[in-house]
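Chain by chain, the residues run as shown.
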Amino acid sequence: MSLNLNIPAEGSTGWAGLVNQNWTNIQNEVNAVEATLATKAAISSIRIKLTSALTLYVSPSGNDNNDGLTAGTPKQTIQAAWNLLAASYDLGGYAATIQLADGTYTAGLAVSGSLVGQGSAVSITGNTSTPANVIVQSSGGAAIKAEDGALILLSGMSFNTCNFALPSRNGA
């Protein structure tokens, strides 16, 4: 098998045409890659609009890399669950709950402002039958800090050896 290429001599008019055509092809490929990347970036910033209530699960034995969508795949910190709500969801007026498993939570929660589509307070719920089984403590700063219109409802938990503050600014 043989391959015959007819490449013009360097410096000739044909050579410039070949170089220009190849350069145009490369530019087209780069433009296509840039368009693909822009599309992927846009898709990654699209929020999930709720069509029903959402519960995210948190457990001291969880992992913040988990999706938090089931009791078997909980986040580890309350903050990670809140951050997921804030970055990925349009609540569409539906209720959102962050459900805390029994245990001690040593990382606090700081929230500011309302969530996209939030129509009511986000419920952060521990063990409503035995609130002492869910302990929130923070060695530095407030265990829970909500400001600038953040709407949260806390129930079924106790606070231990921590600074507890719900500063109220602008209707928090």
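Above this note sits the structure.
Description of the structure in this document. This structure is a prediction, so every number in the text was calculated from the model and none was measured.

Each value, and the rule that gives it
Residues numbered from 1 in each chain as written. Predicted model: local features only at pLDDT ≥ 70, side-chain atom pairs only at ≥ 80, totals over all residues. Heavy atoms only, no water. Helix = DSSP H or I, 4+ residues; strand = E, 2+ residues; numbered from the N terminus. Buried < 20%, exposed > 50% of the residue type's maximum accessible area, 1.4 Å probe, protein only. Contact = heavy atoms within 4.5 Å. Areas by Shrake-Rupley, 256 points an atom, 1.4 Å probe, with all protein chains shown as cover. Pairing = 2+ DSSP bridges. Axes fitted to C-alpha atoms, helices over the stretch in contact; angles between N-to-C directions. Lys, Arg positive; Asp, Glu negative; His and termini not counted. Salt bridge = Lys/Arg side-chain N within 4 Å of Asp/Glu carboxyl O. Polar contact = N/O pair within 3.5 Å; in protein donor to acceptor, adjacent residues only side chain to side chain.

To continue, consider the overall build of the protein. Regarding its fold elements, the protein presents two helices and eleven strands. From first element to last, N terminus to C terminus, the protein shows the α and β order α-β-β-α-β-β-β-β-β-β-β-β-β. For the protein, the proportion of its 172 residues judged to be buried stands at 28%. Taking all contacts inside the protein whose residues are at least 6 apart in sequence as the whole, residues at least 24 apart take part in 62%. Total accessible area on the protein stands at roughly 10100 Å², and carbon and sulfur atoms take up 53% of it.

What follows concerns unusual backbone geometry. Even without being a glycine, aspartate 148 presents a positive backbone phi close to 55°. Relative accessible area serves as the criterion here: at 28%, aspartate 148 is assigned to the partly exposed category.

Taken in spatial order, the four strands make up an open sheet running β2-β4-β7-β10, and their pairing is parallel. A single partner strand is all that each edge strand has here, and the edge strands are β2 (54-58) and β10 (152-155). For this sheet, the mean angle separating the axes of adjacent strands, direction not counted, is 20°. The sheet contact formed by β2 and strand β4 (residues 96-100) spans five bridges and is parallel. Among the inter-strand pairings, leucine 56 is bridged to a residue of β4, identified as isoleucine 98.

Below, the discussion takes up the side chain of lysine 75. Considering the arrangement of structural elements, one finds lysine 75 in the loop between β2 and α2 (78-88). Comment: no salt bridge for buried lysine 75; closest opposite-charge side chain is aspartate 64, at 5.9 Å. Within the structure, the side chain of lysine 75 is placed 2.9 Å from the backbone oxygen of aspartate 64, a separation counted as a polar contact.

Looking now at the pairing of β4. The buried count for β4 comes to four of five residues, which makes it a mostly enclosed element. Of the strand pairs in this sheet, β4 and strand β7 (residues 122-125) are connected by three bridges, and their pairing is parallel. Looking across to β7, one finds that threonine 97 is bridged to serine 123.

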